[in-house]
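Examination of the molecular architecture
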Amino acid sequence: MSERPKPLPDETAAAPRPRPAPRKVIPIADASADSPLFESRRKIQQRSITGRFTHWRWAMVWLTQLFFYGIPWLQIHGRQALLFDLEQRRFYVFGWLLYPQDFIYLAVLLIVSALALFLFTTVAGRLWCGFSCPQTVYTELFMWVERRLEGDRSARLRLDGSGWGAEKIARRGGKHALWLLISLWTGLTFVGYFVPIRSLLPEVLALTGAWQIFWVLFYALATYGNAGFLREQVCKHMCP
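Scope of this entry: the structure provided in the associated data block.

Conventions we followed
Residues numbered from 1 in each chain as written. Predicted model: local features only at pLDDT ≥ 70, side-chain atom pairs only at ≥ 80, totals over all residues. Heavy atoms only, no water. Axes fitted to C-alpha atoms, helices over the stretch in contact; angles between N-to-C directions. Helix = DSSP H or I, 4+ residues; strand = E, 2+ residues; numbered from the N terminus. Parallel < 35°, antiparallel > 145°, perpendicular 65-115°, else oblique. Left-handed = near helix turned anticlockwise from the far one by under 90°. Contact = heavy atoms within 4.5 Å. Nonpolar A, V, L, I, M, F, W, Y, C, P; charged D, E, K, R; others polar. Core = buried A, V, L, I, M, F, W, Y, C linked by side-chain atoms within 4.5 Å. Buried < 20%, exposed > 50% of the residue type's maximum accessible area, 1.4 Å probe, protein only. Disulfide = S-S within 2.5 Å. Phe/Tyr/Trp six-rings, centres within 6.5 Å; stacked < 30°, edge-to-face > 60°. Lys NZ or Arg CZ within 6 Å of the ring centre and 35° of its normal. Salt bridge = Lys/Arg side-chain N within 4 Å of Asp/Glu carboxyl O.

Looking now at the packing of helix α5 (residues 166–191) against helix α7 (residues 210–230). It is the contact of α5 with α7, at a shortest axis distance of 7 Å, that shows an interaxial angle of 135°. Here α7 runs oblique to α5, going by the angle between their axes. With respect to the hand of their crossing, α5 and α7 are arranged in right-handed fashion. Counted together, His176, Trp179, Leu180, Ser183, Leu184, Thr186, Gly187, Leu188, Phe190 and Val191 of α5 and Trp215, Val216, Leu217, Tyr219, Ala220, Thr223, Tyr224, Gly228 and Phe229 of α7 form the full contact between these two elements. Taken together, the residues of the contact of α5 with α7 sort by class into 13 nonpolar, 6 polar and no charged.

Dropping the structure here:
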C-alpha cells in the first residue's frame, strides 16, 4: 500500500507576527538640591568690540543723551522748553502752552509716537533694540565705565577671581560710585521734565521736597539696577 502524500503547507496562511520593539522611555530624575530646576544666571563679561556698528551705537548714545540731559535746561521765552508741570496743570512744549483742556492734542501726539514705536520695532526691531533703546544706551554707558576702571574682559575675569584687596576695592568702589552718580543725574533729569529743573536741583541739594527726592531716588535706583546688574535680563524677561 502506497503512503498518502503529506499535505503541502498553505502558502496563504498568515506568517507569525513579529513582536513589537520595546518603547524607549526617557528616565525622569527627581529634582534635588544637587540638580535644581532652575539654573542661576551666570555673570557675563563682555569682550570689547570695534567696527562700524559700534560707532553707530555710540553716535546714538551721544545723540540721545545730549537730548535727554540738555532739553530740561533749554529756555524758550524765559520758560523751560519742555516741561509737563502737573502741579500747575500746564504743559510747555517748545514754545507752546497747553492746558488740561488741550490735553487731547498731547494725547494724540503720544498715541502717534507709541504707534510709530510699535511700527518701527516691527519693521526694524534690531535697530531699536541695538541702537536706540534706553536699556541699550545706559547699559553701553555703564559698560564703558566698567571697562575704564576694571580693564578689558581678561582683566575683569582676573579681578572676579581674586580676593578682596586694596586694588579690587578701589576699582569696584570707583565703578559703583560713577554708576550711582550717573543714575542720580538721570533720575534728577527725568523728574526735571515734570518739575522745573532749575528749582528742583536746589531743593534736592537742600534735602527739601520729599516727593521730588523720592522720585529722583526711585528712577536713579531703576537706572542703577537695570543698566548695572540686570542688563540683558531686562530684554529677555521684561521687555514687551
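Bringing the nonpolar core into the picture now. If you look at the biggest cluster of nonpolar residues, it comprises 18 residues, and the most contacted ones within it are Leu82, Phe84, Tyr138 and Ile182. Listing elements by their share of this core, those giving two or more residues are α1 (52–70), β3 (82–85), β4 (90–93), α3 (134–150), α5 and α7. The contacts of phenylalanine 84, once residues within four sequence positions are left out, are Arg90, Phe91, Val93, Leu106, Tyr193 and Phe194. Val191, Leu200, Val204 and Ile213 belong to the second-largest nonpolar core, a separate cluster that totals 7 residues.

Let's shift gears to the state of the cysteines. According to the stated counting rule, one finds 0 disulfides in the structure shown. No disulfide involves cysteine 129; its sulfur sits 5.7 Å from the nearest other cysteine sulfur, which is in cysteine 239. With relative accessibility at 39%, the residue cysteine 129 sits in the partly exposed group. Take cysteine 133: it sits in no disulfide, and the sulfur closest to it among the cysteines is that of cysteine 239, at 5.9 Å. Residue classification places cysteine 133 among the buried positions, given a relative accessible area of 13%.

Turning our attention to the environment of phenylalanine 131. Looking at the secondary structure, you find phenylalanine 131 in helix α2 (residues 103–132). Distance in space between the C-alpha atoms of phenylalanine 131 and threonine 64 is 10.0 Å, their sequence separation being 67 residues. Residue contacts for phenylalanine 131: discarding those within four places in its chain leaves Phe53, Trp56, Arg57, Met60, Arg126, Thr136 and Val137.

Looking now at the packing of aromatic side chains. As enumerated under the stated definition, the model contains 16 aromatic pairs in all. Their ring planes at 50° and their centres at 4.4 Å tell us that phenylalanine 190 and tyrosine 219 sit as a pair that is tilted. Of this pair, phenylalanine 190 sits in helix α5 while tyrosine 219 is found in helix α7, placing the two residues 29 residues apart along the sequence. Taken together, a centroid distance of 5.5 Å and an interplanar angle of 80° make the contact between tryptophan 215 and phenylalanine 218 edge-to-face. Residue tryptophan 215 and its partner phenylalanine 218 are located together in helix α7, separated by 3 residues, close to a single helical turn. Relative accessible area serves as the criterion here: at 35%, tryptophan 215 is assigned to the partly exposed category. Among the aromatic side chains, those forming a connected cluster through ring pairs are Phe84, Phe91, Phe190, Phe194, Trp211, Phe214, Trp215, Phe218 and Tyr219. Positioned over the ring face of phenylalanine 53 is arginine 52, at 5.1 Å from the centre of the ring.

For the structure on display, the rule yields 7 salt bridges. Between lysine 175 and glutamate 146 there is a salt bridge; the shortest N-O distance is 3.4 Å. You can see lysine 175 sitting in helix α5 and its partner glutamate 146 sitting in helix α3, a full 29 residues away along the chain. There is no split in this pair, since lysine 175 and glutamate 146 are both buried. For the salt bridge of arginine 172 with aspartate 160, the shortest nitrogen-to-oxygen distance reads 2.3 Å. Separated by 12 residues along the polypeptide, arginine 172 in helix α5 and aspartate 160 in helix α4 (residues 153–161) bring together distant segments of the chain. Several salt bridges share partner residues, and in doing so they unite Glu146, Glu150, Asp160, Arg172, Lys175 and Arg231 into one network.

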